[in-house]
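Understanding the architecture of this molecule
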Amino acid sequence: MTDDEPLYDVLIPPGVPQKIIFDVTKKFDVKVVERMEKIKFANMEGDERELLAFRGTMETAQKVEKYMIEQLKAFVEEK
């Protein structure tokens, strides 16, 4: 990452195993950051929660999102 490139966040859904989060940070040039997001489901309409996100360049964020989804699918299939 360079200082002049815009950065993008890939939100980490609650419940993602730590193993996947650590794996992503080792494989990709991203930082894990905290971000406030409004929650819109069930009885939590409008609540704000602090969520984790991977922050990186657009190209890296797209790769991280794809990789994280693949890893989550594999994790679920193991169970």
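Residues numbered from 1 in each chain as written. Predicted model: local features only at pLDDT ≥ 70, side-chain atom pairs only at ≥ 80, totals over all residues. Heavy atoms only, no water.

1. Things to note about the side chain of T57
Stated precisely, the cut-off is as follows: Only DSSP runs of H or I reaching four residues or more are called helices, and only runs of E reaching two or more are called strands; each is numbered from the N terminus. Each residue gets one of three labels from its accessible area relative to the maximum for its type: buried under 20%, exposed over 50%, partly exposed in between, using a 1.4 Å probe on protein chains only. We define a polar contact as two N or O atoms separated by no more than 3.5 Å, with the added condition that, inside protein, one atom must be a possible hydrogen donor and the other a possible acceptor, whereas residues neighbouring each other in sequence contribute only through side-chain atom pairs.
Residue position: T57 is located in the loop between β3 (48–56) and α2 (58–78). Relative accessible area serves as the criterion here: at 10%, T57 is assigned to the buried category. At a separation of 3.0 Å, a polar atom in the side chain of T57 contacts the side chain of T60.

2. As for the nonpolar core
The condition that has to hold: Side-chain atoms within 4.5 Å link the members of a nonpolar core, which is a set of buried Ala, Val, Leu, Ile, Met, Phe, Trp, Tyr and Cys residues.
V24, F28, V30, F54 and V64 are the most contacted members of the largest nonpolar core, which totals 13 residues. Elements that contribute at least two residues to this core include exactly β1 (8–12), α1 (18–27) and α2. Looking at this core element by element, the count peaks at four residues for α2.

3. Points about the packing of α1 against α2
Here is the rule: In this analysis, axes come from line fits to C-alpha atoms, helices being fitted only over the stretch in contact, and the angle between any two N-to-C directions falls in the range 0 to 180 degrees. Note on convention: near helix rotated counterclockwise from far helix by under a right angle means a left-handed crossing. Clockwise means right-handed. By definition in these notes, contact holds between two residues if any of their heavy atoms fall within 4.5 Å. The classification used treats Ala, Val, Leu, Ile, Met, Phe, Trp, Tyr, Cys and Pro as nonpolar, Asp, Glu, Lys and Arg as charged, and all other residues, Gly among them, as polar.
Orientation of α1 relative to α2, taken along the N-to-C sense of each, is 145°, at an axis distance of 11 Å. The crossing of α1 and α2 is right-handed. In this structure, α1 contributes I20, D23, V24 and K27 to the contact, and α2 contributes V64, Y67, M68, Q71, L72 and F75. Partitioned by chemical class, the residues of the contact of α1 with α2 number seven nonpolar, one polar and two charged.

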